[in-house]
Every structure is written in C-alpha cells, then in structure tokens.
Amino acid sequence: MTDTPSARVAIVTGAARGIGAAVAARLAAAGHAVGIVDLDAETCAEAVEKIRANGGTALAVGADVADEEAVTAAVATVAAELGPPTVLVNNAGVLRDNLLFRMTTADWDTVMGVHLRGAFLTSRAVQGFMVEARYGRIVNMSSISALGNRGQANYSAAKAGLQGLTRTLAMELGRFGITVNAIAPGFIVTDMTRSTADRIGLDFAEFEASLVAGIPVGRAGVPEDVAAAAEYLTGPDAGFVSGQVLYVAGGERT
Ligand code: NAP
C-alpha cells in the first residue's frame with residue numbers, strides 16, 4: 001500500500017557534504033524540495049547547486065543541530081520557504097575519537113550534542129508539521145559503531161542511543177502516519193573516514209584495504225549506497241516499516 005504525502009518537503013541535516021549531500025540529492029531527484037541544513041549555509045552551496053542543476057529544489061540553511069534556537073529557526077525557515085516538512089533525515093555528525101582514558105568531557109559532550117541532542121531537537125521541531133499532515137518519515141543516521149568500536153565510547157553510545165530514540169519515536173508517532181527508522185552504515189568513503197585515516201597516520205588506500213578485508217561484499221560503501229536506503233525509508237511505499245534499523249554495511253558484523 002502506498003501512503004499519500006500531502007507535501008513533498010524534506011530536511012536533511014549535515015547535508016553540505018558526504019552522506020547527507022547524497023541523501024539530499026536522491027530525495028530531490030525523487031521529487032522533494034529539500035532543506036539542506038549544515039553548520040554554515042555557505043558550505044551548503046555546492047549541494048544546493050547540484051540539485052538545482054538537475055532541476056530540483058533546494059534551500060541552504062545554516063544551523064548547529066545541537067542548538068535549540070538555531071534548530072527551531074531552521075525548521076521555521078524551511079517551512080516558510082519550501083512548505084511544511086514531512087521528511088526528516090537526522091544525519092549531521094562529528095567524531096571525537098579517543099580511548100576512554102584520553103577522552104575529554106568535551107569530546108563526550110560534543111558527540112552526544114550533535115548526534116543525539118541534535119536528532120532529538122530536530123525531530124521535536126519537525127513532528128508538529130508531520131502530525132498535522134498525518135504523514136511523516138524520520139530517518140536517523142546510526143552506525144555499525146552502535147555495536148561497539150574501540151576508541152569510540154562517545155560515538156558508539158550516541159549511535160546506539162539513536163536506535164533507542166528511533167524505536168521510541170516509532171511507537172509514539174505511528175498513530176499519526178509517521179514512521180521512524182534508522183540506517184546504520186558501515187565503512188563509507190567520505191571526509192569523515194578520510195579524517196580518521198589521517199588521524200591514525202594511515203594512507204587512505206591502506207586504511208580502506210584493511211577495512212574492506214572484513215566486509216563480506218568486498219568493497220567500501222559510498223554515500224549513494226546509504227542514499228538508496230534513505231530514499232526507500234522516506235518514501236510513501238515504506239509506511240508499514242517503522243522502528244527498524246537497516247544496516248547498510250556490506251554484510252559486516254550485523
Ligand atoms: P561528513 O562527511 O563529516 O559530513 C558530516 C556533515 O555534518 C558535515 O557537513 C558537517 O559540517 C555536518 N555537521 C557536523 N556537525 C554539525 C552540527 N552541529 N550541525 C549541523 N551540521 C553538522 O560525515 P559523513 O561520513 O557523511 O557522515 C554522515 C553521517 O553518517 C554521520 O552521522 C556519521 O556519523 C554517519 N556515519 C558515517 C559513516 C562513514 O563511514 N562515513 C559510517 C556510519 C555512520 P562541517 O563540515 O561544517 O563540520
């Protein structure tokens with residue numbers, strides 16, 4: 001059965017580059033007007049231009065997803081300029097990796113703030129539009145690291161927390177025609193994974209080869225692999241899929 005969305009407006013956070021930019025492009029190609037939210041509106045220009053060049057509609061909005069006032073303002077801007085948002089992809093993310101004894105409280109708070117508080121604030125700001133429309137799709141970007149990863153106590157806790165948030169929001173919002181799911185990517189080639197290779201002093205090709213060795217499908221992921229999953233979960237045909245975590249990880253450890 002296909003649900004009927006009353007509006008085709010999506011918000012993707014952290015969408016200036018990487019996975020978020022690919023998700024935004026894919027949702028625009030599927031017919032959504034997309035609010036590209038990232039820390040600085042100017043960094044969104046390339047993602048916005050790419051969508052417009054393909055005939056789509058996109059708007060750059062600067063906001064720190066951990067900042068309540070900024071999130072409220074960003075969602076209001078999208079609603080005013082593009083229409084009421086009924087699709088939300090909580091994708092913004094940062095890393096502050098370190099072993100526990102070296103992890104600072106600021107490292108912990110920053111990662112929790114962007115991933116977990118950010119997804120909470122943005123979902124809360126958008127849900128009213130979805131409830132009113134009796135239609136909505138929320139996708140939270142978790143990670144295979146939710147299952148535990150050395151050096152990522154903050155990140156794995158935040159990504160596991162997102163899975164709990166996902167299941168709970170699915171229970172609360174289902175009655176309004178709103179589905180809430182998570183995608184848990186494995187190793188995806190983006191600036192985030194390039195910076196991890198830099199941080200541990202490995203050449204990226206070497207870093208990639210070491211990780212691909214543990215991936216059953218025998219390759220690294222690309223942002224488009226995640227975008228394809230996001231298009232399905234945010235689409236009108238996925239109305240009976242909610243509270244799920246879809247691992248997009250090439251078969252690794254799930
Ligand atoms: P990325 O290339 O680093 O992109 C992340 C984007 O989020 C950047 O544009 C960044 O802006 C933005 N951002 C950071 N903090 C923000 C904030 N407070 N408010 C708004 N935007 C913010 O990372 P990616 O690899 O595409 O990752 C996207 C998501 O997938 C993240 O949630 C990540 O944890 C998750 N993920 C990635 C992988 C992977 O292998 N790449 C695997 C599993 C899960 P700036 O550039 O200005 O910092």
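As a convention, each chain's residues are numbered from 1 in the sequence order in which they are written. Whole-chain, interface and lining totals are the exception, using all residues; otherwise, since this is a predicted model, local features are given only for residues with pLDDT of at least 70 and side-chain atom pairs are given and counted only at 80 or more. No hydrogens and no water enter the side-chain calculation; it runs on all heavy atoms of the structure.

- As annotated in an unreviewed UniProt entry, the protein is 3-oxoacyl-ACP reductase from Pseudonocardia halophobica.
- UniProt positions are given in the numbering used here, feature names are shortened, and annotations may be inferred rather than shown by experiment. Recorded in UniProt under Sequence similarities (unreviewed entry), the annotation for the protein is "Belongs to the short-chain dehydrogenases/reductases (SDR) family."

Here we look at the site of the ligand
And step 1. For this description, a residue counts as near a given molecule or strand if any of its non-hydrogen atoms is within 4 Å of it. Looking at the ligand, there are 29 residues lining it, with Arg17, Asp38, Asn91, Tyr155 and Thr190 nearest.
And step 2. For the ligand, a nitrogen atom lies 3.5 Å from a polar atom in the backbone of Ala63.
And step 3. Here an oxygen atom of the ligand sits 3.0 Å away from a polar atom, N or O, in the side chain of Lys159.
And step 4. Surface accessibility follows the Shrake-Rupley procedure with a 1.4 Å probe radius. Residue values consider only the protein chains on display as shielding. When the ligand sits alone it has 890 Å² of accessible area, and the protein chains cover 91% of it.
And step 5. Runs of H or I in DSSP of at least four residues are treated as helices and runs of E of at least two as strands, each being numbered from the N terminus. The set of elements that each furnish at least two residues to the shell around the ligand consists of α1 (18-29), α4 (105-133), α5 (153-173) and α6 (191-199).
And step 6. The greatest single-element share of the shell around the ligand, amounting to three residues, is contributed by α6.
And step 7. Gly counts as polar in this scheme, as do all residues outside two lists: the nonpolar Ala, Val, Leu, Ile, Met, Phe, Trp, Tyr, Cys and Pro, and the charged Asp, Glu, Lys and Arg. Counted by class, the shell around the ligand contains 14 nonpolar, 10 polar and five charged residues. Polar contacts, as used here, are pairs of N or O atoms within 3.5 Å; protein pairs need one atom able to donate a hydrogen and one able to accept it. Residues neighboring in sequence count only if both atoms are side-chain atoms.

Topic: unusual backbone geometry
And step 1. Phi is positive for Arg134, which is not a glycine, with a value near 55 degrees.
And step 2. Take Arg134: it is sitting in the loop between α4 and β5 (136-141).

Observations regarding the pairing of β5
And step 1. Burial classification: accessible surface area is computed with a 1.4 Å probe over protein chains only, and a residue below 20% of its type maximum counts as buried, one above 50% as exposed, and the rest as partly exposed. In terms of residue burial, β5 counts as a mostly covered element, since six of its six residues are buried.
And step 2. Side-chain alternation along β5 places Gly136, Ile138 and Asn140 on one buried face and Arg137, Val139 and Met141 on a second face that is also buried.
And step 3. Pairs of strands are assigned from DSSP output, requiring at least two bridges between the strands. The pairing of strand β4 (residues 87-90) with β5 spans four bridges and is classified as parallel. Within β5, the position partnered with Val89 by the bridge is Val139.
And step 4. Clockwise travel from the first strand over the helix to the second, with the strands pointing away from the viewer, marks a crossover as right-handed. As a crossover connection, the stretch from β4 through α4 into β5 is right-handed.
And step 5. Relative to strand β6 (residues 178-185), β5 runs parallel, the two being bridged by six bridges. Bridging from a neighbouring strand, Ile138 pairs with Val180 of β6.
And step 6. What joins β5 to β6 is α5, and the crossover it makes is right-handed.

Describing the UniProt feature "domain: Ketoreductase" (unreviewed entry) in the protein
And step 1. What UniProt calls "domain: Ketoreductase" (unreviewed entry) maps, in this numbering, to residues 8-186.
And step 2. In this annotation, residues 8-186 is assigned 47% helix and 20% strand; the end-to-end C-alpha distance for the span is 29 Å.

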